[in-house]
Amino acid sequence: MEAERKHRQLTNRLKFYAPYSKQREFHKAGATFSERLFMAGNQLGKTVAGGAEWAMHLTGRYPNWWDGATFDKPPLLWAGSITGESTRDNPQRILVGPPAKEEEWGTGFIPASCMISRTRAMGVPNLLDSIVVRWGGGGDVQAGESVLALKAYEKGREKWQGPTVDGVWFDEEPPEEIYTEGLTRTNNGQRGQFAQQTFTPLLGMSGVVTRFLMPKSDDPGAKYRHVTSMMIDDAEHYTEEERAKIVASYPAHEREARAKGIPTLGSGRIFPISEDEIKVAPFRLPAFWPRIGGLDFGWDHPSAAIELAYDTEADVIYVTKCHRASQQTPAMQAISLKPWGAWLPWAWPRDGRRETLEGAGVSLAKQYKEHGLNMLGTHAQFPDGSVSVEAGLMMMLDRMQTGRFKVFDTLVDWFEEFRIYHRKDGVVVKLKDDVMSATRYAVMALRHSLVNPAELKRVQGANKPSDPLADYRR
């Protein structure tokens, strides 16, 4: 009986799939977004998630907890990787079983009982060309046969042309022309466009990564894309000691990509600093620390705001709050920012002097002031009146390198931009840099930071000596 139990587990692996929270997030996004990217470090479970989902679609066996995309009839799906060998050793292995042990085919995520037939590919030992899978929709849905075809990027774009399919899975990052060609094949599928990618971003800010992380403001397809990022800390199958050992084993220049799923930017990265060096857990700020806000105005690209707190004794600045939102008027932005404190001074960019039609010819900075924010009298600048972007960036980098720049580790939007902030051909890439710009403005205007008057008054009052006769005076 024990042997039979193990055999059933091996040949019905899909039934026992229990995703981590990040894998679950990736699956759920499929119900809403037509293009998904699971960007994660090495050996963290991204290919496992992709294979488990594809097996569900191929078999029609969706677990009770499933809240992702579904098919109501047998689909035709594709899966591929860089070469024939990597296609065999990764997506095929996850779906079918060990490629070198044909007797164990059926121990992947596609249950052995659902594998009807398979055809071999030419040129690569044990590589399959296609698999026919028994699909049983359940309920009143009639059972049928779904098909999985396996592809390789190295065969070229022509091999990714052909029939309309219902979904494409790219395991490892594809060239942009392969990705768009594969996505095009799904234009008339059951769900419309439907594609998933699972890879570690070792190619840096490639065309495919940029498509997801830094879409242009006029890109109509951006709202249909979703990115799930997974770091080694999110992998529940490793202990703390194992995580540390794994991270230490990677070359320094690949550490963030392989352990955290952060695109490798090399010399193009503006802040070549590990996140761990600047992250701190949130804490109660001392009342006597002055603070300042930084604003970056936007519409199609987001408006962004941050708050800095300044430890004047240690000369350390802390990013303590962050807000980012698209297509919000100054009035709407002010509603979100005024709770930070009506007294809080705000640094703003030079383009805040321009007038807008929405504001009936009133400058952006003045509009924010009219809605209750304590805007500085002039745009962010250095004491000599200069506004050099490079000088501001170097000031931030110098603080980071010397331990004088810290960020609360709860500020997800801040770190999202920090990871991909980079140069191309020596020029700062002005895409998805809104929070970084807001931070730079606040750093430039740090000398204008103020102490919260109410907090300071409360602390000073608490420190006054008590008067034993106060209750007897009127």
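Residues numbered from 1 in each chain as written. Predicted model: local features only at pLDDT ≥ 70, side-chain atom pairs only at ≥ 80, totals over all residues. Heavy atoms only, no water.

1. Considering the confidence of the model for the protein chain
No. 1: Per-chain confidence: the protein chain averages 88 in pLDDT, with 93% of residues scoring 70 or above.
No. 2: Taken element by element, the protein chain is modelled with least confidence in helix α15 (residues 453-463), mean pLDDT 72, and with most confidence in strand β15 (residues 405-408), mean pLDDT 97.
No. 3: Low confidence marks residues 357-361, where pLDDT is under 50. Its contacts with residues over four positions away, or in another chain, come to 3 contacts. (pLDDT = per-residue confidence, 0-100. Helix = DSSP H or I, 4+ residues; strand = E, 2+ residues; numbered from the N terminus. Contact = heavy atoms within 4.5 Å.)

2. A look at the pairing of strand β4 (residues 128-135)
No. 1: Extensive coverage of β4 is indicated by the burial of 6 of its 8 residues.
No. 2: In terms of strand pairing, strand β3 (residues 115-120) meets β4 through 5 bridges, oriented antiparallel. Within β4, the residue paired with arginine 118 across the bridge is isoleucine 131.
No. 3: When β4 meets strand β5 (residues 144-152), the two strands line up antiparallel, connected through 6 bridges. Bridge pairing links arginine 134 to glutamate 145 in β5. (Buried < 20%, exposed > 50% of the residue type's maximum accessible area, 1.4 Å probe, protein only. Pairing = 2+ DSSP bridges.)

3. Quick word on the sheet that holds strand β2 (residues 76-81)
No. 1: Here we have 8 strands laid out as an open sheet, ordered β3-β4-β5-β2-β6-β7-β1-β8, and mixed in their pairing. The open sheet has two edge strands with one neighbour each: β3 and β8 (225-230). Between one strand axis and the next, the sheet turns by 15° as a mean value, whatever way the strands run.
No. 2: Here β2 pairs with β5 via 6 bridges, running parallel. Bridge pairing links serine 81 to alanine 152 in β5. (Axes fitted to C-alpha atoms, helices over the stretch in contact; angles between N-to-C directions.)

4. A closer look at the pattern of salt bridges
Where charged atoms of side chains with opposite charge meet at close range, the side chains can pair.
No. 1: Enumeration over the complete set of coordinates arrives at 26 salt bridges.
No. 2: Aspartate 89 is paired through a salt bridge with arginine 88; the nearest N and O atoms lie 2.8 Å apart.
No. 3: With relative accessibility at 31%, the residue aspartate 89 sits in the partly exposed group.
No. 4: For arginine 88, a relative accessible area of 15% puts it in the buried group.
No. 5: Aspartate 398 is the salt-bridge partner of arginine 404, the closest N and O atoms lying 2.7 Å from each other.
No. 6: What makes aspartate 398 partly exposed here is its relative accessible area of 36%.
No. 7: Connected via shared salt-bridge partners are Arg324, Asp413, Glu416, Glu417 and Lys432. (Salt bridge = Lys/Arg side-chain N within 4 Å of Asp/Glu carboxyl O.)

5. Description of the sheet that holds β15
No. 1: Strand order across the open sheet formed by 7 strands is β9-β15-β12-β11-β10-β13-β14, with mixed pairing between neighbours. Sheet topology places β9 (279-280) and β14 (374-375) at the edges, where each strand pairs with a single neighbour.
No. 2: Pairing analysis gives 9 bridges linking strand β11 (residues 303-311) to strand β12 (residues 316-325), with the strands arranged antiparallel. The residue bridging isoleucine 306 from the neighbouring strand is cysteine 322, located in β12.
No. 3: In the packing of helix α10 (residues 330-337) onto the sheet, contacts are made with β10 (291-296), β11, β12 and β13 (345-347), and the angle to β12 comes to roughly 135°.
No. 4: Lying over the sheet, helix α12 (residues 389-401) contacts β11, β12 and β15, oriented at roughly 85° with respect to β15.

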